[in-house]
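Each chain, written out:
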Number of protein chains: 8
Amino acid sequence: MPLVGVVMGSKSDAEVLQPALDTLSHLGVEYEVNIISAHRTPEKARQYGITARGRGLEVIIAAAGAAAHLPGVMASWTTLPVIGVPLAGSELKGVDALYSIVQMPAGVPVACMAIGQAGARNAAYLAAQILGLKHDAIRTAYEQYRKGLQGG
Amino acid sequence: MPLVGVVMGSKSDAEVLQPALDTLSHLGVEYEVNIISAHRTPEKARQYGITARGRGLEVIIAAAGAAAHLPGVMASWTTLPVIGVPLAGSELKGVDALYSIVQMPAGVPVACMAIGQAGARNAAYLAAQILGLKHDAIRTAYEQYRKGLQGG
Amino acid sequence: MPLVGVVMGSKSDAEVLQPALDTLSHLGVEYEVNIISAHRTPEKARQYGITARGRGLEVIIAAAGAAAHLPGVMASWTTLPVIGVPLAGSELKGVDALYSIVQMPAGVPVACMAIGQAGARNAAYLAAQILGLKHDAIRTAYEQYRKGLQGG
Amino acid sequence: MPLVGVVMGSKSDAEVLQPALDTLSHLGVEYEVNIISAHRTPEKARQYGITARGRGLEVIIAAAGAAAHLPGVMASWTTLPVIGVPLAGSELKGVDALYSIVQMPAGVPVACMAIGQAGARNAAYLAAQILGLKHDAIRTAYEQYRKGLQGG
Amino acid sequence: MPLVGVVMGSKSDAEVLQPALDTLSHLGVEYEVNIISAHRTPEKARQYGITARGRGLEVIIAAAGAAAHLPGVMASWTTLPVIGVPLAGSELKGVDALYSIVQMPAGVPVACMAIGQAGARNAAYLAAQILGLKHDAIRTAYEQYRKGLQGG
Amino acid sequence: MPLVGVVMGSKSDAEVLQPALDTLSHLGVEYEVNIISAHRTPEKARQYGITARGRGLEVIIAAAGAAAHLPGVMASWTTLPVIGVPLAGSELKGVDALYSIVQMPAGVPVACMAIGQAGARNAAYLAAQILGLKHDAIRTAYEQYRKGLQGG
Amino acid sequence: MPLVGVVMGSKSDAEVLQPALDTLSHLGVEYEVNIISAHRTPEKARQYGITARGRGLEVIIAAAGAAAHLPGVMASWTTLPVIGVPLAGSELKGVDALYSIVQMPAGVPVACMAIGQAGARNAAYLAAQILGLKHDAIRTAYEQYRKGLQGG
Amino acid sequence: MPLVGVVMGSKSDAEVLQPALDTLSHLGVEYEVNIISAHRTPEKARQYGITARGRGLEVIIAAAGAAAHLPGVMASWTTLPVIGVPLAGSELKGVDALYSIVQMPAGVPVACMAIGQAGARNAAYLAAQILGLKHDAIRTAYEQYRKGLQGG
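Only a predicted model underlies this, so the values are computations on that prediction, with no experimental measurement involved. (Residues numbered from 1 in each chain as written. Chains lettered and ligands numbered in written order. Predicted model: local features only at pLDDT ≥ 70, side-chain atom pairs only at ≥ 80, totals over all residues. Heavy atoms only, no water.)

**Considerations on the overall build of chain A**
- Looking only at helices and strands, chain A features 6 helices and 5 strands.
- The order of α-helices and β-strands along chain A, N terminus first, is β-α-β-α-β-α-β-α-β-α-α.
- A compact globule built from 152 residues should have a C-alpha radius of gyration of about 15 Å, and chain A, at 15 Å, falls within 12% of that.
- Principal-axis analysis of the C-alpha atoms places the extent of chain A at approximately 40 × 35 × 30 Å.
- For chain A, with 152 residues in total, the buried portion stands at 68%.
- A separation of at least 24 residues holds for 66% of the contacts in chain A among residues at least 6 apart in sequence.
- Carbon and sulfur atoms make up 53% of the accessible area of chain A, which totals about 4500 Å².
- In chain A, the 12 positive side-chain charges and the 11 negative ones have mean positions that sit 3 Å from each other. (Helix = DSSP H or I, 4+ residues; strand = E, 2+ residues; numbered from the N terminus. Rg over C-alpha atoms; globule rule 2.2 N^0.38 Å. Buried < 20%, exposed > 50% of the residue type's maximum accessible area, 1.4 Å probe, protein only. Contact = heavy atoms within 4.5 Å. Areas by Shrake-Rupley, 256 points an atom, 1.4 Å probe, with all protein chains shown as cover. Lys, Arg positive; Asp, Glu negative; His and termini not counted. Charge placed at Lys NZ, Arg CZ, Asp CG, Glu CD.)

Okay, here's the thing in structure tokens:
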């Protein structure tokens, strides 16, 4: 049963998010992936958010570019932690997505990551840090990864 | 029966939006005003959007600051034209709201206005231009206003 | 008889605007296209604006890059709704065009879209939303399009 | 025993962070507060990070302005989740702090919040969401808060 | 007979432009001042531009804030040199006006000055430099001013 | 005898400036070209500025990227009108050069053009506008060019 | 005999620079202060730079706002290390000064500090670090200061 | 024995930094190079900083992209002068790195260079200027280089 739900606005975002999926796999974190648009399929976004906790998810990773409302919309429909990854697809190179994701109003936070692939990978690492508070194997896996960096 | 629905994220936005309301009144356009948060009251936003056309609304004006998802969320739940007004409440002085509103993905547009009071007033004028295509009195009222500027 | 007048500053903008034209065609909206520069051919811009409503146009879509005065100049000569599309041709990648189009002074609004192709396509969708208030076939076509997205 | 460690770069940041502390209290989350500078007291930062998990902390909230290295430095010394709050103290009004906090390299994430007080409050809410995965009382408290917003 | 035509978008710009007028007076350059809006009074702008050279003007100084189309519009109707002064009235603090004025397309230049009062004063000095090529008294006055700075 | 002195910071800028030279030639304006660096060859810059008017120059066009001090330094050594062209060579894509050139302090103006090739061409057109106040053939040539645009 | 030469573009900058002077005094570094404008008094700037090393100066601190050419101009006339402090006097709040100072071309570096008072104080600390390589008392004074921070 | 310690966050930065190394060699300055990450290997960074002066280093050049904490972290562990080079690796093209490096808080300065290769080369030249105060051969070598530019 997946602990992390990864959602992205369009299939074209899959390549940038692949490092997040690889990282989750590498750390032994089960996840699911869905294509959901905050604007084109708002009902699908709502159903996803409303049912997320009940289906056993503990963290949601939402990636989007341009106006990038997906992480915030997801956060509006759930009380699970939502990690947002701003993507650089538009002419504004992700500054638009960054501002849309990070500047959430008080009450409904989104944990914003760096723009693009570094942010996608870190979304997985942050999910592991969060899940590691409760799931020992995940904490151990992330701590192993960090120890491995020391030699680097 | 109101033709224009004005929605804003919080009561604290009312002062900046007052010029929009005054302008609508001055042009003889009936309107209603609601406080709706895209993130804190997403179900209220959804109901508003889904029922808007059926209740006779023809244009929605949505104002928001910071992440400013309200105009886009409203547009996701209706096929009526949505006019977005970015507000300058955050430390980023409205650039965040501007990017969140103007950079909507293809398929679900929002008509973005200037940041702050100039944008609020222009939201009303744009609503009048749109409604004027169908409602002669509104077109005439806006054309009178523009003629009046010639002396300025 | 065209309902939408599409104007652009130079022939080199045609490629970016093609999605707008395709979208209008797909929604069954008749349109015309003209090359008009706010600065190089101001009299042509003025004539276009002054005669637009009389010739049956109901919405103007104006696209421009860099200083991007075309949408605002068009709006100064007509009381029809003007939709502005900022293009990314200059070294500033469309931020210049965005600010020039969106920051219109009170009284003479321009409905600003996203920078580049997403904005071009949305200009057509917004035109359809506006025209759909009066023309049932266009409203139905846009609603069909939006319903089609639900499956996406 | 505190679950959340709140650290800030200087005493002058205390006022902006007060809403975070109030929010944690309101949600029944125990916390501790320390003044630690990434640059002026790096050894203190190191000790704090290295001992954090052992002392029972589960989440660190780090706030800083200008170069704003504190959240990233804290994250370099611990594997606990670190939430970063960019402050607007410098002439760049927090854009500097935002970029310094959000653009962390792959491997060592920081969960970035909005600039200033909205971000400070959301750091507390995100901490509650994270802790709520494990601590039922905190989850319930946050869910109550969110339900309370529905009437708003 | 005035050699310099100073135009501004609204009466509220007069205070920022006063240093330009004082500087012109101090250098012995005759000027006239008009309130003209590129968007609200486009015909007035056109008449001004078309008749400018014939009325003896040799340089136009145009100041505007926000979308700031006035200098470019003026340049579109005349072949006289146009000096543009971006004003900081909007929430974007003049960056919008700067980009709108400086990023003119090839063929129709505007000489852009700094944002605000420094730019206003320099518009007058640049006008004096330009006029000084032909009018010895003005060149001498500006050279005297520059010599006077050496002691500073 | 050249009326316009074109200076650039390095040989690598020559390609971007070629349109300026072509435009000057096309309008029948004699010019000279020099490579001068404000920072690497400050004495050469000083000599150029001090002797410019005496050698018959009436306008200086200075192009530079990055810190882009050349136009301002040139203006500090002469009272001739200086036109500045910001180039986009650095990672900041010319925004650095734009700010360095346009934000000159009161007393010593630089007429700033658009970033890159459009700005380079307009530097030549502005030079022609300025020179045209005194040299009828140049005024006529520029007016011919502008008339030719009307057909465009 | 002063080791550090502090230069600023105008008397109005003195207040922002006072912390730099206080810091130099506190560390026992002798200094001199001069008002020099890169643009209004270029010959004074040149003489200062050319004679600096001969007069015993070992570091120059140059502060300026807006186009902020003073540090770069100073660096063009000397081979001593030049520390630049961008000031926030203009409407662009020091971003203009920052870009003008930091983006120096290869060959003639300026050591750029933070915008405003924090940068002014750090210019003094950096000067002390540099001088401390050669002057033991200054190194000791700075090391004492840093040790004192540890208790903070 | 090396006088300059060059550190970079990752091996992928080596190519951008090569000009700095070539410049140091050309000026006869001995240096060493290390890969150290402020976040992934904080203990290595600490050891490097703490031992730097004792090992004979006199200047540290630290280059980093994105959040770019390396120069500031290095400065927190040493009292030697630290020169920071912002790299353009992220989607924000080095503006993030620039702000993270230049906006250091009072007390712990970093001498910030231009973004990318120009900054890398200037880091070497600034190191030579600093070392030249004490080491005559290095001063002479840099002065020779600057004299050589005069012919350029």
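From this point, the narrative continues.
**Things to note about the packing of helix H4 (residues 95-102) of chain A against helix H4 (residues 95-102) of chain D**
- Where H4 of chain A meets H4 of chain D, the closest approach of the two axes is 13 Å, and the angle between their N-to-C directions is 95 degrees. Taken together, the axes of H4 of chain A and H4 of chain D are roughly perpendicular relative to one another. Mapping the contact onto sequence places Val95, Leu98, Tyr99 and Val102 of chain A in H4 of chain A and Val95, Leu98, Tyr99 and Val102 of chain D in H4 of chain D.
- By residue class, the composition of the contact of H4 of chain A with H4 of chain D is 8 nonpolar, no polar and no charged. (Axes fitted to C-alpha atoms, helices over the stretch in contact; angles between N-to-C directions. Parallel < 35°, antiparallel > 145°, perpendicular 65-115°, else oblique. Nonpolar A, V, L, I, M, F, W, Y, C, P; charged D, E, K, R; others polar.)

**Details of helix H6 (residues 136-150) of chain B**
- The first and last C-alpha atoms of H6 of chain B sit 21 Å apart over 15 residues, in line with the 21 Å expected at 1.5 Å per residue.
- The set of residues buried in H6 of chain B consists of Ile138, Tyr142, Tyr145, Arg146 and Leu149 of chain B. The buried residues of H6 of chain B occupy an angular sector of 95 degrees when projected down its axis, which confines them to one face. Exposed positions of H6 of chain B whose direction lies more than 90 degrees from the buried face are Ala137, Lys147 and Gly148 of chain B.
- Where H6 of chain B is buried, its residues contact helix H5 (117-132) of chain B together with helix H3 (70-77) of chain C. (Expected span 1.5 Å × (residues − 1). Arc of directions from axis to C-beta.)

**Here's the deal with the pairing of strand E4 (residues 82-87) of chain G**
Residues and elements named next belong to chain G.
- Burial analysis of E4 places 6 of its 6 residues in the buried class, the great majority of the element.
- Looking at chain direction, strand E3 (residues 59-65) and E4 are connected through 6 bridges and run parallel. Counterpart to Ala63 in the pairing with E4 is Val85.
- The parallel pair E3 and E4, bridged by helix H3 (residues 70-77), forms a crossover whose chirality is right-handed.
- Here 2 bridges tie E4 to strand E5 (residues 111-112), and the two strands are oriented parallel to one another. Within E5, the position partnered with Ile83 by the bridge is Ala111.
- Note that the unit made of E4, helix H4 (residues 95-102) and E5 has a crossover that is right-handed. (Pairing = 2+ DSSP bridges. Right-handed = clockwise from strand over helix to strand, strands pointing away.)

**Thoughts on the environment of Leu92 of chain B**
- Relative to the assigned elements, Leu92 of chain B resides in the loop between strand E4 (82-87) and helix H4 (95-102).
- In the structure, Leu92 of chain B is positioned 27 residues away from Gly65 of chain B in sequence and 9.7 Å away in space, judged by C-alpha atoms.
- Once residues lying within four places of it in the same chain are set aside, the contact partners of Leu92 of chain B are Tyr99 and Gln103 of chain A together with Val95 and Ile115 of chain D.

**A few points about unusual backbone geometry**
- Even without glycine at this site, Lys93 of chain D takes up a positive phi of about 60 degrees.
- You can see Lys93 of chain D is positioned in the loop between strand E4 (82-87) and H4.
- Take Lys93 of chain D: its relative accessible area is 39%, and that puts it in the partly exposed class.
- One non-glycine residue, Ala66 of chain E, lies in the positive phi region at around 55 degrees.
- In this fold, Ala66 of chain E is placed in the loop between strand E3 (59-65) and helix H3 (70-77).

**Structural notes on the interface of chain A and chain D**
- Listed by partner, the interface residues are 41 residues for chain A and 41 residues for chain D.
- Of the roughly 3400 Å² buried at the junction of chain A and chain D (both faces included), carbon and sulfur atoms supply 59%.
- Between chain A and chain D we count 2 salt bridges in total.
- Notably, a salt bridge pairs Arg53 of chain D with Glu143 of chain A, separated by 3.4 Å at the nearest N-O pair.
- Seen at the junction of chain A and chain D, the total is 30 residue pairs in polar contact (both at pLDDT 80 or more).
- Contributions of two or more residues to the side of chain A that touches chain D are made by helix H3 (70-77), H4, strand E5 (111-112), helix H5 (117-132) and helix H6 (136-150) of chain A.
- Ranked by residues supplied to the side of chain A that touches chain D, first place goes to H5 of chain A with 7 residues. (Buried area = accessible area lost by both parts, 1.4 Å probe. Salt bridge = Lys/Arg side-chain N within 4 Å of Asp/Glu carboxyl O. Polar contact = N/O pair within 3.5 Å; in protein donor to acceptor, adjacent residues only side chain to side chain.)

**Points about the pattern of salt bridges**
- Inspection of the entire model under this criterion finds 56 salt bridges over all chains.
- Salt-bridge contacts for Glu43 of chain D lead to Arg46 of chain D; the nearest nitrogen and oxygen are separated by 2.6 Å. With a gap of 3 residues between them, Glu43 of chain D and Arg46 of chain D both fall in helix H2 (residues 42-52), about one helical turn apart.
- On the accessibility criterion, Arg46 of chain D (12% relative accessible area) is buried.
- A single salt-bridge network, built from bridges that share partners, covers Glu43 and Arg46 of chain A together with Glu43 and Arg46 of chain B.

**Quick notes on the environment of Tyr31 of chain A**
Residues and elements named next belong to chain A.
- Residue placement: Tyr31 occurs in strand E2 (residues 31-35).
- The partly exposed category is assigned to Tyr31, whose relative accessible area is 29%.
- Each C-alpha atom of the pair Tyr31 and Val6 lies 7.0 Å from the other, and the pair is 25 residues apart in sequence.
- Excluding residues within four positions of it along the chain, Tyr31 makes contact with Pro2, Val4, Leu21, Leu24 and Ser25.

**As for the interface of chain H and chain D**
- Taken together, the contacts link 25 residues of chain H with 25 residues of chain D.
- A per-residue breakdown of the area chain H buries against chain D is headed by His39, Tyr99 and Gln103 of chain H, which together make up 26% of the total.
- Here chain H and chain D share 2 salt bridges between them.
- If you look at where chain H meets chain D, you find 11 residue pairs in polar contact (both at pLDDT 80 or more).
- For the side of chain H that touches chain D, the secondary structure elements donating two or more residues are helix H2 (42-52), helix H3 (70-77) and helix H4 (95-102) of chain H.
- Among the residues forming the side of chain H that touches chain D, the class breakdown is 14 nonpolar, 7 polar and 4 charged.

**A look at the relation of the copies chain H and chain D**
- Its rotation angle being 180 degrees, the transformation that places chain H on chain D also includes 0.0 Å of axial translation and leaves an RMSD of 0.0 Å. Such a combination of turn and shift is consistent with a two-fold rotation axis. Relative to the rotation axis, the closest C-alpha in chain H is found at Ser100 of chain H, a distance of 2.6 Å.
- Interface overlap between copies: 100% of the residues of chain H at the interface are likewise at the interface in chain D, consistent with a symmetric, same-surface contact. (Least-squares fit on C-alpha atoms with pLDDT ≥ 70 in both.)

**Here we look at the packing of aromatic side chains**
- Applying the stated criterion to the full structure yields 28 aromatic pairs over all chains.
- Summarising the aromatic geometry, the rings of Tyr99 of chain D and Tyr99 of chain H are spaced 5.9 Å apart at their centres and angled 10 degrees between planes, so their arrangement reads as stacked. Here Tyr99 of chain H lies in helix H4 and Tyr99 of chain D lies in helix H4, a pairing that spans two chains.
- A ring pair is formed by Tyr125 of chain F and Tyr142 of chain F, whose centres lie 5.8 Å apart and whose planes are at 50 degrees; its orientation type is tilted. Pair noted here: Tyr125 of chain F is in helix H5 (residues 117-132) and Tyr142 of chain F is in helix H6 (residues 136-150), with a separation of 17 residues, a long-range link. (Phe/Tyr/Trp six-rings, centres within 6.5 Å; stacked < 30°, edge-to-face > 60°.)

**Some words on the confidence of the model for chain A**
- Looking at chain A, the pLDDT average stands at 97 and 99% of residues meet or exceed 70.
- Taken together, the chains of this predicted complex give a pTM of 0.98 and an interface ipTM of 0.98. (pLDDT = per-residue confidence, 0-100.)

**A short note on the packing of helix H2 (residues 42-52) of chain G against H3 of chain G**
All names here are of chain G.
- For the pair H2 and H3, interaxial distance at closest approach is 7 Å and the crossing angle is 50 degrees. On the basis of the axis angle, H2 is oblique to H3. In the packing of H2 onto H3, the handedness of the crossing is right-handed. Contact residues: H2 offers Ala45, Arg46, Tyr48, Gly49 and Ile50, while H3 offers Val73, Met74 and Trp77.
- Class assignment for the residues of the contact of H2 with H3 results in 6 nonpolar, 1 polar and 1 charged. (Left-handed = near helix turned anticlockwise from the far one by under 90°.)

**Focus: the side chain of Ser76 of chain A**
Residues and elements named next belong to chain A.
- Checked against the element boundaries, Ser76 lands in helix H3.
- What makes Ser76 buried here is its relative accessible area of 7%.
- At 2.6 Å, the side chain of Ser76 and the backbone oxygen of Val73 are in polar contact.

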